[in-house]
Amino acid sequence: MSWITNFLTSSLGKKLIMSLTGLFLIVFLVVHLSGNLQLLYDDNGVAFNSYAHFMTTNGLITFLSYGLYALILLHAIQGMVIAWSNRKGRSVNYKVGNTKSNTFASRHMALLGLLVFFFLAVHMGDFWYKMKFTDQLMLVPVQGMDVEVKDLYARVDAAFAVWWLVAIYILGLIALALHLWHGFQSAFQTLGLNHKKYTPVIKGLGMIYSILIPAGFAVIPLYFFFIK
Amino acid sequence: MIKLDAKIPEGSLAEKWKKYKSSIDLVAPNNKRKLEVIVVGTGLAGASAAASLAELGYKVKAFTFHDSPRRAHSIAAQGGINAAKNYQNDGDSVYRLFYDTIKGGDYRSREANVYRLAEVSANIIDQCVAQGVPFAREYGGTLDNRSFGGVQVSRTFYARGQTGQQLLIGAYQALSRQVSLGNVEMYNRHEMLDLVMVENKARGIVTRNLLTGELKSHAAHCVVLATGGYGNVYYLSTNAMNCNVSAAWRAARRGAAMANPCFCQIHPTCIPVSGTYQSKLTLMSESLRNDGRVWVPKKMEDVEAIREGSKKPTDIPEDDRDYYLERKYPAFGNLVPRDVASRAAKDVCDEGRGVNKTGLAVYLDFEDAIHRYGKAEAYSAGKDSEDGELVRKLGTKVVEAKYGNLFEIYEKITGDNPYVTPMRIYPAIHYTMGGLWVDYNLETTLPGLFCIGEANFSDHGANRLGASALMQGLADGYFVLPYTIGSFLSKEIKTPAITDDSSEFKRVIEEVKTRLENLLAVKGDRSVDSFHRELGLIIWDYCGMSRNEEGLKKGRKLLKELKKEFYSNVFVPGEMNEYNPELEKASRVADFFELGELMIVDALHREESCGGHFREESQTEDNEAKRDDENYTYVAAWEWKGEEEPLLHKEPLEFENVELKTRSYK
Amino acid sequence: MNLKLKIWRQPNKEAKGKFEVYEVEATPEMSFLEMLDVLNDQIIEEKGNPIAFEHDCREGICGTCSMVINGQPHGPMGLTTTCQLHMRHFKDGDTIVIEPFRATAFPVLKDLVVDRDSFDRIIQSGGFVSVGTGQAPDGNSILIEQEVAKDAFDAASCIGCGACVAACPNASAMLFVSAKVAHLAYLPQGQVEASKRVKRMVHQMDREGFGNCSNTYACEAECPKGISVENIAKMNREYFSSVIGSQKK
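Residues numbered from 1 in each chain as written. Chains lettered and ligands numbered in written order. Predicted model: local features only at pLDDT ≥ 70, side-chain atom pairs only at ≥ 80, totals over all residues. Heavy atoms only, no water.

Undergrad: I'm lost on the sheet that holds strand 4 (residues 72-73) of chain C in this one. Help?
TA: Backbone hydrogen bonds hold the strands of a sheet together, and the pairing may be parallel or antiparallel. Residue and element names in this part refer to chain C. Spatially, five strands are ordered 2-1-5-3-4 in an open sheet, and the strand pairing comes out mixed. The two strands at the open ends of the sheet, each matched to only one other strand, are strand 2 (18-25) and strand 4. For strand 3 (residues 67-69) and strand 4, the ladder comprises two bridges, and the chain directions are antiparallel. Bridging across to strand 4, Ile-69 finds its partner in Gln-72. (Pairing = 2+ DSSP bridges. Helix = DSSP H or I, 4+ residues; strand = E, 2+ residues; numbered from the N terminus.)

Below, the structure is given as structure tokens:
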């Protein structure tokens, strides 16, 4: 099996891992956002809470979620390792930096990734951890279900009343947007999908995606802070 | 004492190479492994030879002074490479290519060599295609050809304007493959500074590691020089900055004859010198003369106004312009051959009518072409062909489609837009036909020393045709030397490995060391470049586009004086044992002094005009070059005698298959 | 025009370098290297040690020049090598910072001269077609579509200068390597060995200590020959199919 290790430790193999995990996370974000947008229903959290209950108790989802966490960690750790070894590619830096030949996002993928990761830690600590591993959340009955579910909606409502937490979310999402701005099309390039006809479409989609998805997420804290 | 024996095989012209090839003594594979070959230079000729010899099984050591073999100046050749493939079905043949080359060379090359060159030309294309050289293709996928100056068939293969680059990279890759297989030991950044002869056979070289300055000797059973031409003796040329004659000249000093050193090719359309600090000249393709008209102002006051900047060339009315090529050569006009066009430009500039600050430039004007094409376009599109603006726009488009990339290069270098203001051009040196004398085996007068590519006196006679330099370099390296080297090495199979611990090697290293130390020790006041520049000017003025006895004698005198000053007043900074480009330059310029003198001696002795060599004393009434076949149908091979006069050896040229004619373009 | 130059001086590979400041009088017609020639003449006149920089053809094709001018390899003009850059693109009174190409795989040898042998070793690892002299079939027996020949040529026009490495924030050599992989993989002559070639070249590249590619495309932006990053995508495809798609272990 040495060909696999050789492959995965080669420069292109490492890139491939980044690309595939990145694309998976891109898909995940869409799923995650579509679920979370239920927070905007004006139903005092009924829809969201039952969705949250389903997502945390369903065996298959739980199983998949551990896969997701593993991939996030793989993407993050691999990214850090690559960034670290890339620094060794140039031991002495230029006196004059070059900002003309590439974008801010592409130059700072590792930093942006790190910011997103910290944001993720805050985010999961606040909701996921409290939901899964503590009894801090109140139990509420939900119409049409025979068990009481944890009131994550109330937790969200409470969290997004705190201005600095909202600020962290907005900043985290801006970092995510920049990370995606470069990452989306980059993932395709790494897979070898560079095509005179299709690459412009991919690039266009990437730009739309990297604005719409983080903006969609950002609507939630802003909605709770300002409107609710 | 040198004896010239060209060793041309018997038989009819078409049979010579075929027969000879199958009768050259062979070296068995087990013996090839024991035989070592040094190849100096890794341009087209050197890289292809090193790769081919290694493929055959010889142990090869290859040397280049560049940081990589891929940088040799073959890379800069633009136009293409000739081959008698007759893919266009236009009647091309080996004989026709042979004949064109002999005639183009003004009947000063060897029939048998040129015929062989034409024969193997087709194999070169096949070889390069197989290596992955991306030649231009037709829609159907077959190889495309274009026609080139002075020839009636389309036989030039090309890869956009970068044919030399693509061919060199092909050869470099073949060489790299042999390096990876362990068959070639590659020495980058090593400059050959001398040749080592042991018992009258070339057995090694002394090199300087350009990074560390270390002098080291390398031994082998024989030595191949593929070190290019010496155009840089003129300082300003289209050659790369580091091109030099040292390897070949060191061989000449060890007794190899130098043939026809005064045969240099001057290209009429180069971007002119813009200031005293100009380091290099850039060629603009000859094809521009198809549509450009060459002129200078008639009146001196206009010339001065242009130089001061108070008038623009477009301000000069038609009647005040001197389209001198059209005036002097009504039949051929702007399309006269390279040497004639060059000389005419020199003449008008000598009269003081040059159109830039240095007075050494003429205009190449596309206004007429733009107008002509524009009118035709407008007419055929059914638009108003009297509308000046429209005509200009349409015409510019046509010119752009034809010459766009050249115009871009021009604009990059000069900052002028040639669509609006005429180009300024001036002739420049770009190829040297002369070089080390070699026989049919490409072996010099020193046994075991072979010379290939531009470095030898080669197949181009007194003038080289376009797209033939690439052909010759690769022919020598891929298809001639690998066979003919057997003529020497087959007799060496019993010779054990040559080592560099004999006294000869030690002596030569000492000599090189002393020479370099002497240069460093002068500690004078002038930079190497200032000497080189002045030397170049002397050669250019007195042994350049046109030469005469008085000038040549004066040039030689000036050169000797400058040489004397060089050895007493040059300043070479730095040390011997370090990376020291100034020392490299000094050592090269020192050799250029001696070669330059030999060029003058050769030019002085050849009292005829032929090809690139124009002696003012030998011209017809209407200033055409006049060849003297009765007295000068020979190769002039010079033996360098140090302080004494060089000794002339003649190799008579016998033409059995072509009739000597006056090159006519009337 | 009067210019202030901040130039990296480093006596040899081991020594520590530093910037030194020079003033030079240039004219707009000069090329950048001619301006440096003038400066060197000045230094030599004062019996100093001239600035070492590599150059050869001075017509933009040999790929020898290796300096970074104000943060950009080969300077501010697109599709232009340093030797073809002219001083008219600078202004009187400008300060110009000149550094060598920086990459671990391109160690500085002296001043602005760097060692690019790693590129040679990468080509030696497989950047060729294994065809011996004399083995070739007739040139026209291999038909190649015009578009394919064009793509191959575009990749093959790489001059091996290393500006891609110098420009890349990670000092990655992917553009150089991919240009050769793509050039030969486009052509039928090169396809026979394509699978082996790409594996060997990528592994050699990894051994040389270049950084990894993060698709910033700075290489393409700074390449004086405009080599496209499409070649990198092509190399990735070739590599993945050669490892994952082939039967060989």
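Moving on from the model shown.
Undergrad: Help me understand unusual backbone geometry, please; the structure alone is not making it clear to me.
TA: Residue and element names in this part refer to chain B. In this structure, Asn-86 takes a positive phi of about 55 degrees despite not being glycine. Relative to the assigned elements, Asn-86 resides in the loop between strand 3 (81-82) and helix 4 (94-104). One non-glycine residue, Ser-458, adopts positive backbone phi at about 60 degrees. Tracing the backbone shows Ser-458 in the loop between strand 18 (449-451) and helix 13 (469-484). Here Ser-458 falls in the buried class, since its relative accessible area comes to 5%. (Buried < 20%, exposed > 50% of the residue type's maximum accessible area, 1.4 Å probe, protein only.)

Undergrad: So what exactly am I meant to see when it comes to a positive patch on the surface here?
TA: A cluster of basic side chains, namely C:Lys196, C:Arg200, C:Arg207 and C:Lys248, defines a positive patch on the protein surface. Following the sequence through the fold, C:Arg207 ends up in helix 7 (residues 194-207). (Patch = residues over 30% accessible without salt bridge, like charges linked within 9 Å, V, L, I, M, F, W, Y side chains within 5 Å. Areas by Shrake-Rupley, 256 points an atom, 1.4 Å probe, with all protein chains shown as cover. Salt bridge = Lys/Arg side-chain N within 4 Å of Asp/Glu carboxyl O. Lys, Arg positive; Asp, Glu negative; His and termini not counted. Charge placed at Lys NZ, Arg CZ, Asp CG, Glu CD.)

Undergrad: Just to check I follow, could you spell out the interface of chain C and chain B for this structure?
TA: The figure often quoted for interface size is the accessible area lost as the parts come together. On the chain B side, the residues contacting the 73 residues of chain C number 73 residues. Roughly 6100 Å² is buried in total at the junction of chain C and chain B, and carbon and sulfur atoms are behind 50% of that figure. Its largest share of buried area at the contact with chain B, chain C owes to C:Asp56, C:Thr133 and C:Phe153, together 11% of the area lost on that side. Linking chain C with chain B are eight salt bridges. Note that C:Asp41 is salt-bridged to B:Arg533, the shortest N-O span being 3.8 Å. Here chain C is connected to chain B by 47 residue pairs in polar contact (both at pLDDT 80 or more). Breaking the side of chain C that touches chain B down by element, the ones donating at least two residues are helix 1 (32-45), strand 6 (108-110), strand 7 (113-114), helix 2 (117-124), helix 3 (146-156) and helix 5 (174-186) of chain C. It is helix 3 of chain C that provides the largest number of residues to the side of chain C that touches chain B, a total of seven residues. Taken together, the residues of the side of chain C that touches chain B sort by class into 32 nonpolar, 22 polar and 19 charged. (Contact = heavy atoms within 4.5 Å. Buried area = accessible area lost by both parts, 1.4 Å probe. Polar contact = N/O pair within 3.5 Å; in protein donor to acceptor, adjacent residues only side chain to side chain. Nonpolar A, V, L, I, M, F, W, Y, C, P; charged D, E, K, R; others polar.)

Undergrad: Where do I start with the pairing of strand 15 (residues 362-365) of chain B in this structure?
TA: If a strand is regular, its side chains alternate between the two faces of the sheet. Residues and elements named next belong to chain B. Burial along strand 15 is two-sided: Val-362 and Leu-364 facing one way and Tyr-363 and Asp-365 facing the other are all buried. Pairing of strand 13 (residues 293-297) with strand 15, which is carried by three bridges, proceeds in the antiparallel orientation. Note that in strand 15 the partner of Trp-295 across the bridge is Tyr-363.

Undergrad: Just checking my understanding: could you explain a nonpolar patch on the surface for this structure?
TA: All names here are of chain A. Among the surface-exposed residues, Val-122, Trp-163, Trp-164, Ile-168, Leu-222, Phe-225, Phe-226 and Ile-227 lie close enough to one another that they form a single nonpolar patch of about 830 Å² accessible area. Looking at the nonpolar patch, the elements with two or more residues in it are helix 8 (163-191) and helix 9 (199-227). At four residues, helix 9 tops the list of elements feeding residues into the nonpolar patch. Within the secondary structure, Ile-227 is located in helix 9.

Undergrad: Teacher, can you tell me more about the interface of chain A and chain C here?
TA: Between chain A and chain C, the contact holds 37 residues from the first and 51 residues from the second. Its largest share of buried area at the contact with chain C, chain A owes to A:Leu12, A:Arg90 and A:Tyr94, together 18% of the area lost on that side. Where chain A meets chain C, there are one salt bridge. One salt bridge in this structure joins A:Lys196 and C:Glu230, with 3.1 Å as the shortest N-O distance. Our enumeration of links across chain A and chain C arrives at 27 residue pairs in polar contact (both at pLDDT 80 or more). Those elements that provide at least two residues to the side of chain A that touches chain C are helix 1 (2-9), helix 2 (11-36), helix 4 (59-87), helix 5 (104-107) and helix 8 of chain A.

Undergrad: Sorry, what's going on with the packing of aromatic side chains here?
TA: Two descriptors summarise a pair of aromatic rings, namely the distance from one centre to the other and the angle between the planes of the rings. For the structure on display, the rule yields 49 aromatic pairs over all chains. These aromatic residues form a ring-pair network of at least three members: A:Phe119, A:Phe127, A:Tyr153, A:Phe160, A:Tyr169, A:Tyr223 and A:Phe224. The lysine or arginine in question, B:Arg526, covers the ring of B:Phe531, its NZ or CZ lying 4.1 Å from the ring centre. Over the ring of B:Tyr634 we find B:Arg606, and its NZ or CZ is 5.2 Å from the ring centre. (Phe/Tyr/Trp six-rings, centres within 6.5 Å; stacked < 30°, edge-to-face > 60°. Lys NZ or Arg CZ within 6 Å of the ring centre and 35° of its normal.)

Undergrad: Explain the packing of helix 3 (residues 46-57) of chain A against helix 7 (residues 152-159) of chain A to me, please; I cannot follow it from the model alone.
TA: Each pair of packed helices gets described by two things: the angle between the helix axes and the distance between those axes. All names here are of chain A. Two elements in contact, helix 3 and helix 7, have axes separated by 8 Å at closest approach and are oriented at 115 degrees. By the angle class used here, helix 3 and helix 7 are roughly perpendicular. From helix 3, Phe-48, Asn-49 and Ala-52 reach across to helix 7, where they touch Leu-152, Tyr-153 and Val-156. (Axes fitted to C-alpha atoms, helices over the stretch in contact; angles between N-to-C directions. Parallel < 35°, antiparallel > 145°, perpendicular 65-115°, else oblique.)

Undergrad: I would appreciate a short explanation of the side chain of B:Asn145 in the present structure.
TA: Residue and element names in this part refer to chain B. Checked against the element boundaries, Asn-145 lands in the loop between helix 5 (111-131) and strand 4 (146-147). Within polar-contact distance, the side chain of Asn-145 engages the side chain of Gln-88 at 2.5 Å. Within the structure, Asn-145 has its side chain in polar contact with the backbone oxygen of Thr-156 (distance 3.5 Å). Filtering out sequence-adjacent residues up to four positions away, Asn-145 remains in contact with Tyr-87, Gln-88, Ser-154, Arg-155, Thr-156, Phe-157 and Tyr-158.

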